[in-house]
Amino acid sequence: LVDYDIEAVVHLAAQAIVPKALLEPYETLDSNIRGTYSVLEACYRYRDGIKAMICMSSDKALGSQKVPYTTDSVLKGRFPYDASKAAAELMAHSYAETYTLPVVITRCSNIFGPWDTNESRLIPQTIKSILDNCPPLIRSDGSPERDFIFVDDVVEGFLTLLDAMHPTVQFARPGDIFHFSSGWPVSVLSIVQKILRLMDSLLQPEIHGTAKAEIDRQFMDFSKTERELGWKPKVSLDEGLKRTIEWWKNRQKEKRT
């Protein structure tokens, strides 16, 4: 931070794979909790230079409760990944309130798009399976509903938030929470079927029903973000999936050549 005269920090780093968190809770908690307070402490020590910090949380920190989640929803993360994100939020609040550190918290729903090659996630795994002519796998029974948002919309939202935090503006206040989501839940099975249609595939998904620590329904209200930052998602689910599928097709072609 000192060597490069950093003014804004966007803390995204995390062990973010939920199944891995269930198998390796210590690694997940260590990465997500110690990683977060290390960044917060660095910003606190260099607070004269830091103008803005975003601490990225997740809808998972809110656990099972009434949906849509609002920025006033209480933290109810129970499973290892969820708890690690809830803890990160509490630490961010602590630094914001105790030291007036210019840190705000963002909660994002399920982000998807090009460059995500982690096949433990639903959308990359489904697209890759279809390209390999293999039935896509669904770990749950297909009924859990999730809120999906395209990565470009999240990036635009974060940049808008950083602008709002600049000292000449100071619109976003330390400890504020902003949601970035589409606001509409879609079932896991519906997402897989939609991808199959977009890829003109006759394959059928294999539903295993073995997933553990799944919350049935998760989606967020982003009205505060729209009201205070003028942000709302621009890329529809279908358009985002089309762009993601095209990226995967090009990646497969490049690997073959």
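Since this is a predicted model, take the numbers as computed values, not measurements.

> Go over the overall build of the chain, please, and point to the residues and values.
Each helix and strand counted, the chain has eight helices and nine strands in total. Taken against the 2.2 N^0.38 rule, which gives 18 Å for 257 residues, the C-alpha radius of gyration of the chain at 19 Å falls within 12% of a compact globule. Considering only C-alpha atoms, the chain reaches an extent of 60 × 35 × 35 Å along its principal axes. Burial analysis of the chain (257 residues in total) assigns 47% to the buried set. If you take every contact in the chain between residues at least 6 apart in sequence, the share linking residues at least 24 apart comes to 82%. Each charge class in the chain can be summarised by its mean position, and for the 31 positive and 35 negative side chains these summaries are 3 Å apart.

> Tell me about the sheet that holds strand E7 (residues 177–180), and name the residues and values.
Strand order in this open sheet of four strands is E1-E2-E3-E7, and the pairing throughout is parallel. Each of the sheet's edge strands pairs with one partner strand only, and the pair in question is strand E1 (8–11) and E7. Across the sheet, the axes of successive neighbouring strands diverge by a mean angle of 20°, strand direction being ignored. Across four bridges, E1 lies against strand E2 (residues 52–58) in parallel orientation. Paired with Val 9 across the strands is Met 53, a residue of E2. Sitting on the sheet, helix H2 (residues 25–45) touches E1, E2 and strand E3 (103–108), and the angle it makes with E1 is about 175°. Set on the sheet, helix H3 (residues 80–99) makes contact with E2, E3 and E7; between it and E2 the angle comes to about 155°.

> Describe the pairing of E2, naming the residues involved and giving the relevant values.
Burial analysis of E2 places seven of its seven residues in the buried class, the great majority of the element. Relative to E3, E2 runs parallel, the two sharing six bridges. Bridge pairing in E3 places Met 53 opposite Val 103. Read as a crossover between parallel neighbours, the route from E2 over H3 to E3 is right-handed.

> Any details on the packing of H2 against H3? Residues and values, ideally.
Pairs of packed helices are described in terms of their axes, by the angle between the two and the distance that separates them. Between H2 and H3, the least distance of the axes is 9 Å, while the angle of their chain directions is 15°. With respect to each other, H2 and H3 are oriented roughly parallel. The chirality of how H2 crosses H3 is right-handed. In contact with Pro 25, Thr 28, Leu 29, Asn 32, Ile 33, Thr 36, Tyr 37, Leu 40, Glu 41 and Tyr 44 of H2, H3 contributes Pro 80, Tyr 81, Ser 84, Ala 87, Ala 88, Met 91, Ala 92, Tyr 95 and Tyr 99. Partitioning the contact of H2 with H3 into residue classes produces 14 nonpolar, four polar and one charged.

> Break down the pattern of salt bridges for me, with residues and values.
With the rule as written, the count across this model stands at 15 salt bridges. Between Arg 34 and Asp 30 there is a salt bridge, with its nearest N and O atoms 2.7 Å apart. Here Arg 34 pairs with Asp 30, and both are found in helix H2, just four residues apart, close to one helical turn. With a relative accessible area of 26%, Asp 30 lands in the partly exposed category. The residue Arg 45 makes a salt bridge to Glu 41 at a minimum N-O spacing of 2.9 Å. In this pair, Arg 45 and Glu 41 both sit in helix H2, four residues apart, roughly one turn of the helix. Through salt bridges with shared partners, a single network forms among Arg 173, Asp 176, Lys 224 and Glu 228.

Conventions and cut-offs
- Residues numbered from 1 in each chain as written.
- Predicted model: local features only at pLDDT ≥ 70, side-chain atom pairs only at ≥ 80, totals over all residues.
- Heavy atoms only, no water.
- Helix = DSSP H or I, 4+ residues; strand = E, 2+ residues; numbered from the N terminus.
- Rg over C-alpha atoms; globule rule 2.2 N^0.38 Å.
- Buried < 20%, exposed > 50% of the residue type's maximum accessible area, 1.4 Å probe, protein only.
- Contact = heavy atoms within 4.5 Å.
- Lys, Arg positive; Asp, Glu negative; His and termini not counted.
- Charge placed at Lys NZ, Arg CZ, Asp CG, Glu CD.
- Pairing = 2+ DSSP bridges.
- Axes fitted to C-alpha atoms, helices over the stretch in contact; angles between N-to-C directions.
- Right-handed = clockwise from strand over helix to strand, strands pointing away.
- Parallel < 35°, antiparallel > 145°, perpendicular 65-115°, else oblique.
- Left-handed = near helix turned anticlockwise from the far one by under 90°.
- Nonpolar A, V, L, I, M, F, W, Y, C, P; charged D, E, K, R; others polar.
- Salt bridge = Lys/Arg side-chain N within 4 Å of Asp/Glu carboxyl O.

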